[in-house]
Every structure is written in C-alpha cells, then in structure tokens.
Amino acid sequence: MENNLEIEFNKLLEEASGEEFKVDFLEKLSELFPGKVIFSTSFSYEDQVVTHLIKNLDIDIFTLDTGRLFEQTYETWAASKAFFKKKIKAYYPNQDVLQEFVSEHGPDSFYQSVDQRKACCNIRKVQPLKQALKEYKVWITGLRSEHSTGRKQMPQLEWDADHQIIKFHPLLDWTTKQVEDYVQAHHLPYNYLHKKGFVSIGCAPCTRAIKEGEDFRAGRWWWEDADKKECGLHIHQ
C-alpha cells in the first residue's frame, strides 16, 4: 500500500502531466510542503546555482562533511554562507563507527577494494544523509544528466523509495555551459578546483582532475571500473 507521501508524489506527477518541469517548480514544492523541503549541497557549480535559486524560498540547505574534503571546498562553504546569507546545516559521520572502521582497516582502505570504498562512503556519506533527510518530504539535488551515463534516463521528479522522499533535480537537463554562464552572470562564489579540471568534486583522496577527452566521472574513484562509480547517495528506481 502506498504511504501518504507517495500518494502526494503521484498527484504531483498527474498535475504536471504533459509539461516539462521548470526551475520555478521549486517554489511550488516549497508551498506544497512548507518547512519540509531540503537541498543537499557539495558547493559544486550546480549546487551554487540551485542555492541562488532557492535563497528566498522556504527550503533548507544541508551539506555532508565527510572529514576528507578539499580545503577549497571548505573555503567555498564559508564564502557561500556569507554570500547567500542562508543557514547551511552540517552532518557528520558517526564518530564511534568511523573510529572503529579506520582503526580496523586503516585511513585509506578505500583503495584496496570496491567493497572497502563503498563501506567508507556508507559511513561518511550515506548514513549521515539518512539523518539529514529524516524529517523532510522533498529532497532537492544539483544532479545533471551530463555527469553520468546512468543519469541519462533519470526523471526530473522521482520517488526515492529507499529514503521515502520525493526528489527533484531542477538542473537535470542543463548543460555545463548553462551552469557556468549562470555562475558568472550572478557572480556566485565557486570552488576554484573547477578551474583546474575538477568536474565532480568529492573527498580529496578520491577525486582528481580529468584530462581532455575524459568522461565527466573519470575523476572520481579513478582506480575503479566505470560501472562501479556510485557512492550510494542517489539510487534511482
């Protein structure tokens, strides 16, 4: 049996039937679910655009601090808080669980196997994410289809059964140029690693700049096969 939130999601789909979802759908979501909409930011180009779009809406913002982020990411975090003047909630890994994992496997065990890497992602990202989303009904993301072949067929509005939440990806069909142009036009703060070839920026040990001609995701977990490059944050049904 569908829960009440899933029923609300299906009604949203029916109302928007035959129409493309627009960026201003963010305002509708904030009105339909007051105080229950949240946006996850990693301070990427895309996330800075979304933060600018929602800065005056009743939408909360959070970020996951894994403890292994680039210094430039922390700098962008501080600059964003000052620029947008909007609270950014921070969520961290469970200290006891992380301490036990690192003590048992070492600080860089994610290089040893996919299972070890996914276990690290689960502790540092997936479990904190569950805490962040717990009290909300709608999760806004900065995902774009260009970033991964697995996202080419992803719907802009979807039901996330794993987290029991509605997900909306306002920039899903935006091109890289559209995103960069928006950032420049509005003078938004951004992570300077983007100018050094870093497209998708995550934890420092697991992220590198990409080379000319490489896929968008080549810089993440570059030692793994391409079909294994997901951390578990976004599961699409």
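Counting from 1, residues in each chain are numbered in the order their sequence is written. In view of the model being predicted, local features appear only for residues whose pLDDT reaches at least 70, and side-chain atom pairs are presented and counted only at 80 or more, with totals across whole chains, interfaces and linings using the full set of residues. Side-chain metrics in this entry use all non-hydrogen atoms of the structure; hydrogen atoms and water are not considered.

S.K.: Outline the environment of T41, listing residues and values.
M.R.: Residue position: T41 is located in the loop between β1 (37–40) and α3 (45–54). You can call T41 buried: its relative accessible area is 5%. Two N or O atoms form a polar contact when they lie within 3.5 Å of each other; inside protein one atom must be a possible hydrogen donor and the other a possible acceptor, and for residues adjacent in sequence the pair counts only when both atoms belong to side chains. Here the side chain of T41 touches F43 through a polar contact of 2.9 Å, landing on its backbone nitrogen. What counts as a helix is a DSSP run of H or I of at least four residues, what counts as a strand is a run of E of at least two, and both are numbered from the N terminus. Whether a residue is buried, partly exposed or exposed follows from its accessible area with a 1.4 Å probe, protein chains only, as a fraction of its type maximum: under 20%, in between, or over 50%, in that order.

S.K.: Outline the sheet that holds strand β4 (residues 138–140), listing residues and values.
M.R.: Any two strands with at least two DSSP bridges between them are considered paired. Ordered in space as β3-β2-β1-β4-β6-β5, the six strands form an open sheet in which the pairing is mixed. Each edge of the open sheet is held by one strand with a lone partner, namely β3 (89–91) and β5 (157–160). Direction aside, the axes of adjacent strands within the sheet are offset by 30° on average. Here β1 runs beside β4; their pairing, made up of three bridges, is parallel. Each residue of the ladder has a partner; that of I38, found in β4, is W139. Residue contacts are counted whenever heavy atoms from the two residues lie within 4.5 Å of one another. Only the stretch in contact is used when a helix axis is fitted, and all axes are lines through C-alpha atoms; the angle between N-to-C directions ranges over 0 to 180 degrees. The sheet strands contacting α3 are β1, β2 (60–64) and β4, and the helix crosses β1 at an angle near 150°.

S.K.: How would you sum up the pattern of salt bridges? Please name residues and give values.
M.R.: Salt bridges are defined as contacts in which a side-chain nitrogen from Lys or Arg sits within 4 Å of a carboxyl oxygen from Asp or Glu. Applying the stated criterion to the full structure yields nine salt bridges. The residue K89 makes a salt bridge to D60 at a minimum N-O spacing of 3.8 Å. Of this pair, K89 sits in strand β3 while D60 sits in strand β2, placing them 29 residues apart in sequence. With its nearest N and O atoms 3.1 Å apart, the salt bridge here joins D108 to R68. Here D108, found in the loop between α5 (95–105) and α6 (114–133), pairs with R68, found in the loop between β2 and α4 (71–84); they are 40 residues apart in sequence, far enough to count as distant.

S.K.: Any chance you could break down the side chain of K86 for me, citing the residues and the numbers?
M.R.: Inspection of the secondary structure puts K86 in the loop between α4 and β3. The buried charged residue K86 lacks any salt bridge, with D60 as its nearest oppositely charged partner at 5.9 Å. Not counting chain neighbours up to four residues away, the residues in contact with K86 comprise I54, K55, L57, I59, I61 and K81. Charge counting treats Lys and Arg as positive and Asp and Glu as negative, with His and both chain ends excluded.

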